[in-house]
Amino acid sequence: MRLFIAAAADDEVRAAAAGVAARLRRASGDYRWVDPRDMHVTLRFLGEKPERDLDAITDLMRRAAAAVAPFEIIFNEMGAFDSMEDPRVVWIGLQNCEPIGHLADLLQREETRPYIPHMTLGRRRGGASSGEFVSALKGLPALGVRQSVRAISLYASRPAPFGHAYEVLFDVSLTGAS
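Quick look at the structure, then.

The rules behind each value
In every chain, residue numbers begin from 1 and rise along the written sequence. Only residues with pLDDT of 70 or above have their local features reported here, since the model is predicted, and side-chain atom pairs are shown and tallied only from 80 upward, although totals for entire chains, interfaces and linings are computed over all residues. As a convention, hydrogens and water are excluded, and side-chain values are obtained from all of the structure's heavy atoms. A cavity here means a set of 1 Å grid points, computed over protein atoms only, where a 1.4 Å probe fits but cannot escape. A pocket is an open set with protein on both sides within 12 Å along at least 5 of 7 lines, and lining residues have an atom within 4 Å of a point. Grid points are joined across faces, edges and corners, and a volume is the space filled by probe spheres set on the points. A run of H or I in DSSP becomes a helix once it reaches four residues, and a run of E becomes a strand once it reaches two; helices and strands are each numbered from the N terminus. Polar here means any residue other than Ala, Val, Leu, Ile, Met, Phe, Trp, Tyr, Cys and Pro, which are nonpolar, and Asp, Glu, Lys and Arg, which are charged; Gly is therefore polar. The criterion used for residue contact is that any of the two residues' heavy atoms lie within 4.5 Å. Salt-bridge detection follows one rule: a side-chain nitrogen of Lys or Arg within 4 Å of a carboxyl oxygen of Asp or Glu. Relative accessibility decides the category of a residue: with a 1.4 Å probe and only protein chains considered, values under 20% of the type maximum give buried, values over 50% give exposed, and everything between is partly exposed. Criterion used throughout: strands pair if DSSP finds at least two bridges between them. The axes are straight lines fitted to the C-alpha atoms, using for helices just the contacting stretch, and the angles between their N-to-C directions are given from 0 to 180°. Stacked, tilted and edge-to-face pairs are distinguished by plane angle, under 30 degrees for stacked and over 60 for edge-to-face with tilted covering the rest, among Phe, Tyr and Trp rings (Trp via its six-membered ring) whose centres lie within 6.5 Å. The definition of a polar contact used here is a pair of N or O atoms within 3.5 Å, where within protein one atom must be able to donate a hydrogen and the other to accept one, and adjacent residues in sequence count solely through side-chain atom pairs.

1. Re the layout of surface pockets
Reported here for the largest pocket is a volume of approximately 1,000 Å³. Along the wall of the largest pocket there are 29 residues; nearest its centre are Thr42, Phe45, His118, Thr120 and Arg123. Tallying contributions element by element places strand S3 (residues 40-48) first for the lining of the largest pocket, with five residues. Taken together, the residues that form the lining of the largest pocket break down as 12 nonpolar, seven polar and 10 charged.

Below, the structure is given as structure tokens:
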């Protein structure tokens, strides 16, 4: 099964992000938008893992969660991979990234790319984005929506007709000292 560890977005963040996605949908662009119910900040992508690895993964999550106290993040500026001029993946970046970056490190993130904490809104399906879409993206104001992170979750990602369906397999509360 395809797995990742993430912090789920709360209701206020999901509502604000859905509003941003609705504004971007009106600009011409061929994007697959994340269902607001599935919005999250990925801490570690694990990829395909056999079921026998679940105990080791949940143990790692428990150890990391025991070392980190609940903290606050702010969903703020819009961003994009590859760039704002060529937005392949559209996302909302975070302010106050240090605690979430530390948590990602404790979860033994293995990617060689630098960790850029963000919440994905949509992924481009086709060719280049239109100038209208790029202008709309660049014109969006910062959200400034705060959220407490009190837990992390292990998700399974399964192919679905609309992209991927996510299922939470395990949750663990952050219990470290402040």
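The discussion continues.
2. Side note on the environment of Ser148
By the secondary structure assignment, Ser148 is in strand S7 (residues 145-149). Separated by 74 residues in sequence, Ser148 and Ile74 place their C-alpha atoms 8.8 Å apart. With residues near it in sequence (within four places) discarded, Ser148 still touches Phe71 and Glu72.

3. Here's the deal with the pattern of salt bridges
Going through the model one piece at a time under the given rule, you end up with 11 salt bridges. Notably, a salt bridge pairs Lys138 with Glu85, separated by 2.8 Å at the nearest N-O pair. Taken together, the positions of Lys138 in helix H4 (residues 131-138) and Glu85 in the loop between strand S4 (71-82) and strand S5 (87-95) put the pair 53 residues apart, joining distant regions of the chain. Judged by relative accessible area, Glu85 falls into the exposed class, the value being 55%. Between Glu167 and Arg158 there is a salt bridge whose closest N-O contact spans 2.6 Å.

4. Remarks on the sheet that holds strand S6 (residues 118-124)
Adjacent strands of a sheet form backbone hydrogen bonds with each other and so pair up, either parallel or antiparallel. Pairing is antiparallel across the open sheet formed by five strands, whose spatial order is S2-S6-S5-S4-S7. Across the chains shown, the open sheet's two edge strands, defined by having one partner strand only, are strand S2 (31-33) and S7. Direction aside, neighbouring strands of the sheet carry axes that sit 35° apart on average. Direction of pairing for S5 relative to S6: antiparallel, over a ladder of five bridges. Opposite Ile92, over in S6, you have Met119 as the bridge partner. In the packing of H4 onto the sheet, contacts are made with S2, S4 and S5, and the angle to S5 comes to roughly 0°.

5. Here we look at the packing of aromatic side chains
Counted by the stated rule, this structure contains seven aromatic pairs. Considering the side-chain rings of Phe4 and Tyr166, the 5.2 Å spacing of their centres and the 80° angle between planes classify their relative orientation as edge-to-face. Here the residue Phe4 occupies a position in strand S1 (residues 2-8), and Tyr166 occupies one in strand S9 (residues 163-173), the gap between them amounting to 162 residues. Relative accessible area serves as the criterion here: at 4%, Phe4 is assigned to the buried category. Ring centres 5.2 Å apart and planes at 45° place the aromatic pair Phe81 and Trp91 in the tilted group.

6. Notes on the environment of Tyr115
Summarising the element assignment, Tyr115 is placed in the loop between helix H3 (98-106) and S6. The spatial distance from the C-alpha of Tyr115 to the C-alpha of Ile152 is 17 Å, given a sequence separation of 37 residues. Aside from chain neighbours lying at most four places away, what touches Tyr115 is Val41, Thr42, Leu43, Ile100, Gly101, Ala104 and Arg109. Of the polar contacts made by the side chain of Tyr115, one reaches the backbone oxygen of Thr42; its length is 2.8 Å.

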